[in-house]
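What the coordinates show
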Amino acid sequence: QLQLVESGGGLVQPGGSLTLSCAASGRAFDAYTMAWYRQAPGKQRELVAEITTASTNRYTPAMKDRCTASRDNLKNTMYLQMSSLKPEDTAVYYCCARLFRSRTPPDEYWGQGTQVTDSL
């Protein structure tokens, strides 16, 4: 089992930057595919970035040129560096960990979320 705790959210002006962290406690962090999701008020939760066990990344098109996901397996931590933030980036950002195994659905864990607000 994995427990996830996000941090680093806050209030930022348009055009600003933030780095979010997701600290994991538990075993075998490096075996998990990690992802950042976000949910804005009144909207569905959406994928922002995913980083696999091989550190291969994919991003949602809206954030592709403005964020970088990374992971430090020695620290059991994943990061999301965001820049050129826009008001529409305002959302609660969630960390997700998935452990994929053959012939069974993946184990999936979520953090409690961290609020990012982009506003003047």
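Everything that follows concerns the structure shown earlier in this document.
Below, the structure is looked at part by part. (Residues numbered from 1 in each chain as written. Predicted model: local features only at pLDDT ≥ 70, side-chain atom pairs only at ≥ 80, totals over all residues. Heavy atoms only, no water.)

What to know about the overall build of the protein chain
The criterion, for reference: Labels follow the DSSP assignment, with helices taken as runs of H or I lasting at least four residues and strands as runs of E lasting at least two, numbered in each case from the N terminus. In this treatment the radius of gyration is a C-alpha quantity, and the globule benchmark scales as 2.2 Å times the residue count to the 0.38 power. Buried means the residue's accessible area, taken with a 1.4 Å probe over protein chains only, is under 20% of the maximum for its type, while exposed means over 50%, and partly exposed covers the values in between.
When helices and strands are counted, the protein chain shows zero helices and eleven strands. Going from N to C terminus, the protein chain has its helices and strands arranged as β-β-β-β-β-β-β-β-β-β-β. A compact globule built from 120 residues would reach a C-alpha radius of gyration of about 14 Å, and the protein chain, at 14 Å, matches this within 12%. Taken along the three principal axes of its C-alpha coordinates, the protein chain extends 45 × 30 × 25 Å. Scored against the burial criterion, the 120 residues of the protein chain give a buried share of 43%.

So, the side chain of Thr114
This is how the line gets drawn: Definition of a polar contact: a pair of N or O atoms within 3.5 Å, with one able to donate and the other able to accept a hydrogen when the atoms are protein atoms, and with sequence-neighbouring residues admitted only if both atoms are side-chain atoms. Any two residues whose heavy atoms approach within 4.5 Å at even a single point are treated as in contact.
Tracing the chain through its elements places Thr114 in strand S11 (residues 114-118). Among the polar contacts listed, one links the side chain of Thr114 to the backbone nitrogen of Gly9, at a separation of 3.2 Å. Discounting chain neighbours no more than four positions away, the residues touching Thr114 are Glu6, Ser7, Gly8, Gly9, Leu20, Ala91, Val92 and Tyr93.

Here's the deal with unusual backbone geometry
At Ser84, a position not held by glycine, the phi torsion is positive, near 50 degrees. Mapped onto the fold, Ser84 is located in the loop between strand S8 (77-82) and strand S9 (91-101). In the Ramachandran plot, Arg103 falls in the positive-phi region, its phi being about 65 degrees despite a non-glycine side chain. If you trace the backbone, Arg103 turns up in the loop between S9 and strand S10 (104-110).

Let's talk about the pattern of salt bridges
Counted only if it meets this: Here a salt bridge means any side-chain nitrogen of Lys or Arg lying within 4 Å of a carboxyl oxygen belonging to Asp or Glu.
Taken as a whole and assessed by the stated rule, the structure comprises six salt bridges. The partner of Asp89 in a salt bridge is Arg66, and the shortest N-O contact between them spans 2.7 Å. Of the two residues, Asp89 sits in the loop between S8 and S9 while Arg66 sits in the loop between strand S6 (57-59) and strand S7 (67-72), which places them 23 residues apart along the sequence. Since its relative accessible area comes to 0%, Asp89 is described here as buried. Assessed through its relative accessible area of 11%, Arg66 is described here as buried. Here the salt bridges share partners, and the residues they tie into one network are Arg38, Glu46, Arg66 and Asp89.

These figures come from the coordinates and say nothing about function on their own.
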